[in-house]
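Residue-level structure breakdown
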Amino acid sequence: MLGDITFEYPFVFAFLIPFIFCSFFCKAKVSSYFVPHLKLLESSVKLGSSTVSFLKWTTIVFALTALASPVKELNIVNSRNEGIDIVLSLDTSGSMRQTGFNRENIQQNRWDVVSSIVKDFISKRVNDNIGLVVFGQSVMTASPLSYDKNAQKKVIDSLGIGIVGEKTALIDSIATSINILKERDSKSKIIILLTDGNDTASRIPLNIVTKMAKKYGIKIYAVAIGVTDRYMLNELSNTNGGKSFSARGKDDLKKVYEEINELEKSRIDQNKIVLKDHLFFYPLFISFLSLLFFIYLKNRRENI
């Protein structure tokens, strides 16, 4: 337990040196008197002298200890003021059942490939606040913004193709993602959209969504697999300096998410908060008590 205690100002202990020096070389000269039967008082004088000396040094040592400011480090937490808020908008429409996207396993459907790569991406964004939105015929918020990466990966495992319908409400999913991010105070707000088809079910016009993204300073990265409307994705990604991507296979998709990961570096590790428990009160209290007893015994001896 004591090994966890450190001192903010350890140099204060250097002041012990002049005290020790003076105890040997700065003794006051006092007059000598002959006292009859001195041996009768010798034992009590020695006992009183040693007690006073002990109290004097206890007062000095513990006062310097308090001035050195002993602290116990309780915890280190990351400040999240400069973190990135990210919403992953994922296509779960019926077209995600198509196979052949993974050349190493042509029987694997698009959703299985996408979900594994997205989970890997989530694991790399340790310090970021991430939400999940899935869309088909309708849109569903699968996870609110959260730092719990393990829970988010479990949510992805529980999702499936067609969970919110067979069609593709792409623009509506962006609107839902913007609603999640718009009230956030973070400096960076990002939507990463992944889709494999054209919008076939949205009710909200494209121009409304782009205006919303621009108003709230939200950057959109649009990732296309398969045949998609690249014009629509370009319009979305160009709103606030985002970028659109196209992936023809699993390897391409991995590279896309790696590039996004490099483009959006979190600066959160630069802000760490160290929680400390200051313990100076305890040695200060001991020093104060020792001083009181020292003054009491000193006065008592002088009055005898």
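Residues numbered from 1 in each chain as written. Predicted model: local features only at pLDDT ≥ 70, side-chain atom pairs only at ≥ 80, totals over all residues. Heavy atoms only, no water.

1. A few points about the overall build of the protein chain
Scanning the protein chain from terminus to terminus reveals nine helices and nine strands. Out of the 304 residues in the protein chain, the part that is buried amounts to 38%. If you take every contact in the protein chain between residues at least 6 apart in sequence, the share linking residues at least 24 apart comes to 78%. By element, 57% of the accessible surface of the protein chain is carried by carbon and sulfur atoms, the whole surface being about 18,000 Å². (Helix = DSSP H or I, 4+ residues; strand = E, 2+ residues; numbered from the N terminus. Buried < 20%, exposed > 50% of the residue type's maximum accessible area, 1.4 Å probe, protein only. Contact = heavy atoms within 4.5 Å. Areas by Shrake-Rupley, 256 points an atom, 1.4 Å probe, with all protein chains shown as cover.)

2. Some points on the packing of helix α5 (residues 170-181) against helix α7 (residues 230-237)
How two helices sit against one another is set out by the angle between their axes and by the gap between those axes. Interaxial distance between α5 and α7 falls to 12 Å at its minimum, and their mutual angle equals 15 degrees. Taken as axis vectors, α5 and α7 run roughly parallel relative to one another. Crossing of α5 over α7 shows right-handed handedness. Of α7, the residues touching α5 (which contributes L170, I171 and I174) are M232, L233 and L236. Residues that form the contact of α5 with α7 fall into these classes: six nonpolar, no polar and no charged. (Axes fitted to C-alpha atoms, helices over the stretch in contact; angles between N-to-C directions. Parallel < 35°, antiparallel > 145°, perpendicular 65-115°, else oblique. Left-handed = near helix turned anticlockwise from the far one by under 90°. Nonpolar A, V, L, I, M, F, W, Y, C, P; charged D, E, K, R; others polar.)

3. Things to note about the environment of K219
Note that K219 resides in strand β7 (residues 218-225). By relative accessible area, K219 is classed as partly exposed at 24%. Residues K219 and N240, spaced 21 residues apart in sequence, show a C-alpha to C-alpha distance of 5.1 Å. When sequence neighbours within four positions are dropped, the list of residues in contact with K219 reads K189, I190, I191, N240, G241, G242 and E264. Within the structure, the side chain of K219 is placed 3.0 Å from the side chain of E264, a separation counted as a polar contact. (Polar contact = N/O pair within 3.5 Å; in protein donor to acceptor, adjacent residues only side chain to side chain.)

4. Section: a nonpolar patch on the surface
Taken together, the side chains of F280, F281, Y282, L284, F285, I286, F288, L289, L292 and F293 define a hydrophobic patch exposed on the protein surface, amounting to about 1,000 Å² of accessible area. Structurally, the position occupied by L292 is in helix α9 (residues 281-303). Residue classification places L292 among the partly exposed positions, given a relative accessible area of 44%. (Patch = residues over 30% accessible without salt bridge, like charges linked within 9 Å, V, L, I, M, F, W, Y side chains within 5 Å. Salt bridge = Lys/Arg side-chain N within 4 Å of Asp/Glu carboxyl O.)

5. What about the pattern of salt bridges?
According to the stated counting rule, one finds eight salt bridges in the structure shown. Note that D157 is salt-bridged to K119, the shortest N-O span being 2.6 Å. Here the residue D157 occupies a position in helix α4 (residues 149-158), and K119 occupies one in helix α3 (residues 110-124), the gap between them amounting to 38 residues. Residue class for D157 comes out exposed when judged on its relative accessible area of 51%. For K119, a relative accessible area of 21% puts it in the partly exposed group.

6. Some thoughts on the side chain of Q108
By secondary structure assignment, the location of Q108 is in the loop between β3 (84-91) and α3. Polar contacts involving the side chain of Q108 include one to the side chain of N102, which spans 2.8 Å. For Q108, the residues in contact, after removing those within four places along its chain, are Q98, T99, G100, N102 and V113.

7. Topic: the packing of aromatic side chains
Counted by the stated rule, this structure contains six aromatic pairs. With centroids separated by 6.1 Å and ring planes inclined at 20 degrees, the aromatic side chains of F281 and F285 adopt a geometry described as stacked. Of the two residues, F281 and F285 are both situated in helix α9; the distance of four residues between them amounts to about one turn of the helix. Using a relative accessible area of 44% as the deciding quantity, one classes F285 as partly exposed. Each member of the aromatic cluster is reached from another via a ring pair, and the members are F281, Y282 and F285. (Phe/Tyr/Trp six-rings, centres within 6.5 Å; stacked < 30°, edge-to-face > 60°.)

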